[in-house]
Amino acid sequence: MSAATAAPPARGPRRSALRPEAVRAMTAVRSRADRVRSRATTAAATGIGVSLLIAGAVATVRDTVLIGTTVWTEADGTTVSEEQFQAGGGLAPFLAEPGLRPGAVVAAVLLVLPFLALAVQALRVGRVVEERRARRLLVAGASWADLRRLRVARTSAAFVRGALLAAPVYLLLWLLLGVALPEGTRLLPRPQWWTPLLWLAVVGLLWVTARALAVAGHRRDAAQALQRSGMPVRVPSRLFVLLTAVGGVAALFAGPLGGGSPVVFAVLVVVAVVLFALAAGAGAARSAASTVRVRVAPAGGEGFDGAAAARGPRRRPRRRSSGGRDRAAGLLADAQRRGSTAAVTGTAGVLFVCGLSFGVEASLSGQVLAERAGEASDGGYAPSDVAFYLGGAGLAAAVGLVAAVVAVAALLLSLTDHLLGNRRAVASTAALGAEVRRLVRVQALCLARTAVPAVVLGFLVAAVPYSLLFVGGAAAGTAGGVAWAVLVPLVALVVVTALVALACRLLATALTGRVRSAAALENLRVP
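Since this is a predicted model, take the numbers as computed values, not measurements.

Trainee: Summarise the side chain of Thr 450; cite the residues concerned and give the values.
Mentor: Locating Thr 450 in the fold gives a position in helix H16 (residues 436-472). Setting aside residues no more than four positions away along its own chain, Thr 450 makes contact with Arg 337, Val 344, Thr 347, Ala 348 and Leu 411.

Shown next, in the form of structure tokens:
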């Protein structure tokens, strides 16, 4: 039995025996998988840091410009005057007005989620090679504490690099979205004297996050290594999906109970969205794990999605595993999704939240246009109000689009790692007659069957209740107003679905070179 395939020994001593210079040498970037993992993790950490800097900068904006005074008389005859202030600096109304600023803070905080999903997936790049390397180190006498120290050092280095890059990236965004834009439309406030202190706090937070992710990943890998090989894929239970969804609904409806405090409302909204993302990701993982299992690699091959797909069917599928004319590509895509439940979970959760954002903004736009169509009613909007609300909806949709791109990039990174770590399985599939075009279609289907349902479901969950409440009320006004309130979300749903499907196809096409390289017949000799 070779060192690469030997079973890991029992847990060694907790104390690490590696010297610092040995840790630096063993965590150096050498292979292509190491470079992909390091760069992707650094980029994800940079995105997290920039999002936190934006949230902190917006949350600390001060209202210093007097915009009006309200005077009223109390019951005892006392005259009371109250002055209203808003932030200066030429900021857009979404940041200048105190009532709208918490929404911008929530959006910036929620933007952390897709970058965090990207970071988690980036840390899993090259896991097949890392498992073999860890087994060799264990056989050579290393302890589990040594392996944990190596993982913590590698992860912390990438996160700290990303945290350090967050400051210059934030300054570049400030020049583009703050200085370059005209007065009244600027989307980032001017940096203050405390901005470097906030940056140092972000660096420390990301360092702690890196250590937590590294330790959690080490414990997961250690537990899997000590388990019997061939154990079934563990997926979240139905109870977990139900409880997280109910918790999200409860947190969302608890917002008005916060006594009108914008801070409490913002925290409850963030909690609700996170719970919705967990529920959607867990549901997607269950869906991916319940697809039909197929045997696609004979003669000792591992199967297109690894050992999980190669075990063959064990039960009747709950649904058809493929659609359209290419059943083989559909079967392989289902098998690959089943072998990548971790990536499917994170990506589907984030894309569900993006769908929620798109649904809310589409419904709001339909409501504004509907009330504008019924100008004779009291709820009609002036043209300036229409531009204000539609501009805010467009800005929120742009933030959601950035989050969706990052989430799909995380899933694409998973597919890239799959091609790098399972070259022999892909080559075996190609040797059986699968063309490169069909293998690329497998990647497109794998992306689409995760991204499209998550976005569409999130869109419907947000848009349908919002639109029904508006249409059923008196604010809808005329029949033309009802048509606007219904048609705008419907058209937006079609456009969003088409764009997501097109993005999946284009991203899969970008993997053609990797697929062709993995399908080369010389990879049949890869261990």
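Still more to cover.
Trainee: Quick rundown of the confidence of the model for the chain? Include the residues and the values.
Mentor: Looking at the chain as a whole, the pLDDT averages 75, with 74% of positions reaching at least 70. The model gives residues 1-14 a pLDDT under 50, and that stretch makes 27 contacts with residues more than four places away or in other chains. Per-residue pLDDT stays below 50 along residues 292-324; that stretch engages in 74 contacts with residues further than four places along the chain or on separate chains.

Trainee: Tell me what's going on with the packing of helix H2 (residues 32-59) against helix H4 (residues 101-110), and back it up with residues and numbers.
Mentor: Axis separation between H2 and H4 bottoms out at 8 Å; the angle between their running directions is 165°. Taken as axis vectors, H2 and H4 run roughly antiparallel relative to one another. Handedness of the crossing formed by H2 with H4: left-handed. In this structure, H2 uses Ser 51, Ile 54, Ala 55, Val 58 and Ala 59 to contact H4, whose residues at the interface are Arg 101, Ala 104, Val 105, Ala 108 and Val 109. Here the contact of H2 with H4 is built from residues that sort into eight nonpolar, one polar and one charged.

Trainee: For the nonpolar core, give the residues involved together with the corresponding values.
Mentor: In this structure, Ile 54, Phe 159, Leu 351, Leu 413, Leu 439, Leu 447 and Val 500 are the most contacted members of the largest nonpolar core, which totals 81 residues. With twelve residues, H16 is the largest single contributor of residues to this core. Those residues in contact with Val 500, other than ones at most four positions away along the chain, are Ala 451, Val 452 and Val 455. Counting residues in each nonpolar core, the second largest holds eight residues, with Leu 110, Val 269, Val 273 and Ala 277 among its members.

Trainee: Can you lay out a nonpolar patch on the surface for me, pointing to particular residues and giving the numbers?
Mentor: Taken together, Leu 172, Leu 175, Leu 176, Leu 177 and Val 179 make up a surface patch of nonpolar side chains, about 420 Å² in accessible area. By the element assignment, Leu 175 lies in helix H7 (residues 144-179).

Trainee: Quick rundown of helix H9 (residues 238-253)? Include the residues and the values.
Mentor: With 16 residues, H9 should reach 22 Å at 1.5 Å per residue; the first-to-last C-alpha distance of 23 Å fits that figure. Of all the positions in H9, only Thr 244, Gly 248 and Ala 251 are classed as buried. End-on, the buried residues of H9 take up no more than an arc of 70°, which puts them together on one face. Among the exposed residues of H9, those pointing more than 90 degrees away from its buried face are Arg 238, Leu 239, Leu 242, Leu 243 and Phe 253. Against helix H10 (262-289) lie the buried residues of H9.

Conventions adopted
- Residues numbered from 1 in each chain as written.
- Predicted model: local features only at pLDDT ≥ 70, side-chain atom pairs only at ≥ 80, totals over all residues.
- Heavy atoms only, no water.
- Helix = DSSP H or I, 4+ residues; strand = E, 2+ residues; numbered from the N terminus.
- Contact = heavy atoms within 4.5 Å.
- pLDDT = per-residue confidence, 0-100.
- Axes fitted to C-alpha atoms, helices over the stretch in contact; angles between N-to-C directions.
- Parallel < 35°, antiparallel > 145°, perpendicular 65-115°, else oblique.
- Left-handed = near helix turned anticlockwise from the far one by under 90°.
- Nonpolar A, V, L, I, M, F, W, Y, C, P; charged D, E, K, R; others polar.
- Core = buried A, V, L, I, M, F, W, Y, C linked by side-chain atoms within 4.5 Å.
- Buried < 20%, exposed > 50% of the residue type's maximum accessible area, 1.4 Å probe, protein only.
- Patch = residues over 30% accessible without salt bridge, like charges linked within 9 Å, V, L, I, M, F, W, Y side chains within 5 Å.
- Areas by Shrake-Rupley, 256 points an atom, 1.4 Å probe, with all protein chains shown as cover.
- Salt bridge = Lys/Arg side-chain N within 4 Å of Asp/Glu carboxyl O.
- Expected span 1.5 Å × (residues − 1).
- Arc of directions from axis to C-beta.

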